[in-house]
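Okay, here's what each chain looks like letter by letter:
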Amino acid sequence: FPVTIAGLDLTYLSTIIIMVWLFTEVVGGIQLVSLSQKITLLKKGQNIGSVDPETLWNRHSFVSFMSEIIVAAGIFGTVIGVILSLMPFFGLSNFDINTVQPHLLQMFSGIAIAFFPTAISILLKIFLDFHSRLHQNAVIDFIKHQEQQK
């Protein structure tokens, strides 16, 4: 069953998380390719003009920051999903088996759906962390080659 709040299906949160990840990968990927091209030019001894290392590091920080945001969004989705799954029990005054049993399937279905955003966000964080590490190494490599040019 869909977990909803104010008519919004929370399984859409996973879709939003994936879209943010794709955006971050595209932006970070473009920056990484550009940086790799500059390193290649530096290794060939060509002048690339002035490039601010702090700007390059800030671009690396963007990918790292988005990695943390994605996990936070996934955990937030799980917490909200679990709370919504337990809501049918909030109004019960009699906890006999006949009253509780119809709500158990709904609760377990909701909890299963609730953990989906966290699972997706953890998986995507692994990819972003790998991308972030590549970018970090490229920035360090760029700074080393730029200093050798001086």
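Our structure's up above, just so we're on the same page.
We now turn to the structure provided with this report.

Reading guide: rules and limits
- Residues numbered from 1 in each chain as written.
- Predicted model: local features only at pLDDT ≥ 70, side-chain atom pairs only at ≥ 80, totals over all residues.
- Heavy atoms only, no water.
- Helix = DSSP H or I, 4+ residues; strand = E, 2+ residues; numbered from the N terminus.
- Buried < 20%, exposed > 50% of the residue type's maximum accessible area, 1.4 Å probe, protein only.
- Contact = heavy atoms within 4.5 Å.
- Areas by Shrake-Rupley, 256 points an atom, 1.4 Å probe, with all protein chains shown as cover.
- Salt bridge = Lys/Arg side-chain N within 4 Å of Asp/Glu carboxyl O.
- Expected span 1.5 Å × (residues − 1).
- Bend = angle between axes of the 7 residues up to and from the residue.

Let us now look at the overall build of the chain. Each helix and strand counted, the chain has four helices and two strands in total. Along its sequence from the N terminus, the chain presents helices and strands in the succession β-β-α-α-α-α. Taken across its 150 residues, the chain has 33% of its residues classed as buried. Within the chain, counting contacts between residues at least 6 apart in sequence, those at least 24 apart form 84% of the total. Within the structure as shown, the chain displays about 9200 Å² of accessible surface, and the carbon and sulfur contribution to it stands at 68%.

Moving on, we come to the pattern of salt bridges. Where charged atoms from two side chains of opposite charge come close, those side chains can pair. Here the structure, examined in full by the defined rule, presents two salt bridges. Note that lysine 125 and aspartate 129 form a salt bridge whose closest N and O atoms lie 2.8 Å from each other. One end of the pair, lysine 125, and the other, aspartate 129, are both in helix H4 (residues 116-149), four residues apart, so they sit about a helical turn from each other. Given the relative accessible area of 18%, lysine 125 is considered buried. Classification of aspartate 129 by relative accessible area gives partly exposed; the value is 35%. Each of Glu68, Lys125 and Asp129 takes part in salt bridges that share partners, so that together they form one network.

Moving on to helix H3 (residues 97-114). Over its 18 residues, H3 extends 25 Å from the first C-alpha to the last, a length consistent with the 26 Å expected when each residue adds 1.5 Å. Approximately 35 degrees is the largest bend angle found in H3, and it occurs at histidine 103. Within H3, the full set of buried residues consists of Val100, Met107, Gly110 and Ala114.

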